[in-house]
Each structure stands twice: as structure tokens, then as C-alpha cells.
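Tertiary structure, described
Below, each chain spelled out in residue letters.
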Amino acid sequence: MPQTYKPLCIPPELPELLKEFTKAAIRTQPQDLIQWATDYFAAISQGEIPPVRERSERVALSNWAELTPELLKILHSRVAGRLIINADELAQMWKVLSLPTDLFNSVMNVGRFAEEIEWLKFLALACSSLGVTIAKTLKIVCEVLSCDRDGGPPRIPFSTFQFLYTYIAEVDGEISASHVSRMLNYIEQEVIGPDGLIKVNDFTQNPRVRLE
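Numbering of residues begins from 1 in every chain and follows the order in which that chain's sequence is written. For this predicted model, a pLDDT threshold of at least 70 governs which residues receive local features, and a threshold of 80 or more governs which side-chain atom pairs are given and counted, while totals over whole chains, interfaces and linings are taken from all residues. Neither water nor hydrogens contribute to the side-chain values; these are computed over all heavy atoms in the structure.

Applied cut-off: UniProt positions are given in the numbering used here, feature names are shortened, and annotations may be inferred rather than shown by experiment.
By the naming in an unreviewed UniProt entry, the protein chain goes by Ropporin-1A and is assigned to Ceratotherium simum simum. Taken directly from UniProt, the Function (unreviewed entry) text for the protein chain runs: "Important for male fertility. With ROPN1L, involved in fibrous sheath integrity and sperm motility, plays a role in PKA-dependent signaling processes required for spermatozoa capacitation."

If you want it as C-alpha cells, here you go:
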């Protein structure tokens, strides 16, 4: 008698549960993601408050002594302009630079990356461990990606900034899509010049630009 298989039923609460877990992980930046995830879901199942850091408690730069924007810039140069990179190859590059393995694993898990990694998304999440705010994270990303050598403020194409801001805000989960859209529209229409580039000062020193 042939076997019959029941169709998989996805619990309706699963997407929201995973979304909240992802937000909590990126906010907390646990060194041991597996143990932290165990504690997180144990607390949820028991109706307790999970072990999540508030924004003001995010990991500071000193907690990741090996990771710096300068080393991320070196890593970016070794990726050599590729948009997609193999996970094993990136892990080896990370290891050669003596960057913390726990952070690499955390970024991989939070970004849900598999064998092929979107480099800009990985870079954005790595930079988020150095930035207390989204504006600070984007400032670091701009410094890493900028190719300017004239001593001026770091700048990148607005299209790249738009992609990164949208992604980081989506992972953060606390900023509405409408707010992100308003900020991007204002920057594009009122700030960006004919060269299509955005400078760090354009979003860190303009009082009308509130990324969070």
C-alpha cells in the first residue's frame, strides 16, 4: 500500500517568531550563538524575558578588539569587487586576518547565509557589530567601501547606500519601511549631487536626515 504524506503545515506564528529572534540576535551579538539561542527560546517557552541587549547595551568596539574598519577594508579589497563570494573562501580570508571566529559565525547565522554569500550584506552585518546606531554602522560601511584618496569625506554611490540602509533597517526590524522610504527620497532629491554619490556628512550632520 503506497504511503501517503501529509502536507507540511507551517505554524502561523513561525515567521514572526523567527523575525523577532533575528532582531534579538543582531542586537545582542552573542559570542556563542548556539548557547544564546538555547537560552533565548527557553525563556520564550517559559514566558520569561529573553536575554536580549537593548540598543544602549550593544557590544562596543573594545569587545571585538581584533575587528576594525581598517581590517574590514582589507577584507573588502580581497573580495575584489565580487558581489557573491563562497562561504568557505570568505571564512579563510577572515581567518587569515585573525578576525574573531565567533563573530563570523554570528554574522553567518543572523544573515542566514549559506554556501554563496552576498558580500555587501555580510559586510553590513559585520560593520553593525562596531556601530551602536544604524547611522554609525552606515558611516563605517562608507569608510570601508570608499575609494577616495583625496583626503575628503568617504563617499559611495547613492544606489549602494540605498541598498545597505534598506537591508540594515530590515534586519533591525524597528524602523518602518515608510520611514526608510521617506529618508531615501529626501536624500535623493535634496542632498545627492549630479555625481550620484553620498558623503558621510550627508547623513550624519544633516538634521533633516534621521535614519532611525
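1. As for the packing of helix α7 (residues 134-145) against helix α8 (residues 158-172)
Which entries qualify depends on this criterion: Angles run from 0 to 180 degrees between N-to-C directions of axes, and those axes are lines fitted to C-alpha atoms, restricted for helices to the stretch in contact. The way it works is that DSSP assigns letters per residue, a run of H or I at least four long becomes a helix, a run of E at least two long becomes a strand, and they are numbered from the N terminus. Just so you know how the angles are binned, under 35 degrees is roughly parallel, over 145 roughly antiparallel, 65 to 115 roughly perpendicular, and the rest oblique. Here a crossing is taken to be left-handed if its near helix is turned anticlockwise relative to the far helix by less than a right angle, and right-handed if that turn runs clockwise. Contact definition: two residues touch when any of their heavy atoms are within 4.5 Å. Residues are sorted three ways: Asp, Glu, Lys and Arg are charged, Ala, Val, Leu, Ile, Met, Phe, Trp, Tyr, Cys and Pro are nonpolar, and all the rest, Gly among them, are polar.
Look at α7 against α8: their axes get within 11 Å of each other, and the N-to-C directions meet at 140°. Between α7 and α8, the angle falls in the class oblique. Like other packed secondary-structure pairs, α7 and α8 cross with a definite hand, here right-handed. Contacts from Ile134, Thr137, Leu138, Val141 and Leu145 in α7 reach Thr160, Phe161, Leu164, Tyr165, Ile168, Ala169 and Asp172 in α8. Residue classes in the contact of α7 with α8 are distributed as 9 nonpolar, 2 polar and 1 charged.

2. Focus: the layout of surface pockets
Quick reminder of the rule: Each cavity reported here is a set of points on a 1 Å grid over the protein atoms alone in which a 1.4 Å probe fits but cannot get out, each pocket an open set with protein on both sides within 12 Å along at least five of seven lines, and each lining residue one with an atom within 4 Å of a point. Grid points are joined across faces, edges and corners, and a volume is the space filled by probe spheres set on the points.
Here the largest pocket is characterised by a volume of approximately 270 Å³. Those elements that provide at least two residues to the lining of the largest pocket are α1 (14-28) and α8. Taken as a whole, the second largest pocket holds about 150 Å³ of empty space. At the level of elements, α6 (119-128) and β3 (155-157) are the ones that each hand at least two residues to the lining of the second largest pocket. Classifying every residue of the lining of the second largest pocket gives 7 nonpolar, 3 polar and 1 charged.

3. Considering the packing of α6 against α8
At a minimum axis distance of 10 Å, the contact between α6 and α8 shows a crossing angle of 60°. Classed by the angle they form, the pair α6 and α8 counts as oblique. For the pair α6 and α8, the crossing hand works out as right-handed. In this structure, α6 contributes Leu120, Lys121, Ala124 and Leu125 to the contact, and α8 contributes Thr160, Phe163, Leu164, Tyr167, Ile168 and Val171.

4. Brief notes about the environment of Leu138
Using the following cut-off: Accessible area is worked out with a 1.4 Å probe on protein chains only. A residue is then buried under 20% of its type maximum, exposed over 50%, and partly exposed in between.
By the secondary structure assignment, Leu138 is in helix α7. For Leu138, a relative accessible area of 1% puts it in the buried group. Between the alpha carbons of Leu138 and Phe161 there is a distance of 7.9 Å; along the sequence they are 23 residues apart. Those residues in contact with Leu138 that sit more than four places away from it in its chain are Phe161, Leu164, Tyr165, Ile168, Phe203 and Leu211.

5. A word on unusual backbone geometry
One non-glycine residue, Ser98, lies in the positive phi region at around 60°. Of note, the phi angle at Arg112 is positive, near 55°, even though the residue is not glycine. Tracing the backbone shows Arg112 in the loop between α5 (101-110) and β2 (116-118).

6. Here's the deal with the packing of aromatic side chains
Quick note on the threshold: Between 30 and 60 degrees the pair is tilted, below 30 it is stacked and above 60 it is edge-to-face, where a pair is any two Phe, Tyr or Trp rings, Trp via its six-membered ring, whose centres lie within 6.5 Å.
On inspection of all chains with the given rule, the structure shows 13 aromatic pairs. With a centroid separation of 5.5 Å and 50° between ring planes, the pair formed by Phe104 and Phe122 is classed as tilted. Of this pair, Phe104 sits in helix α5 while Phe122 sits in helix α6, and the two are 18 residues apart along the sequence. Aromatic pair Phe161 and Phe203: ring centres 5.0 Å apart, planes at 40°, arrangement tilted. Here Phe203 lies in helix α10 (residues 200-204) and Phe161 lies in helix α8, a separation of 42 residues in the sequence. Look at Phe161 and you get buried, because its relative accessible area is 0%. Three or more aromatic residues joined by ring pairs make a cluster, and in this case those are Trp94, Phe104, Phe113, Trp119 and Phe122.

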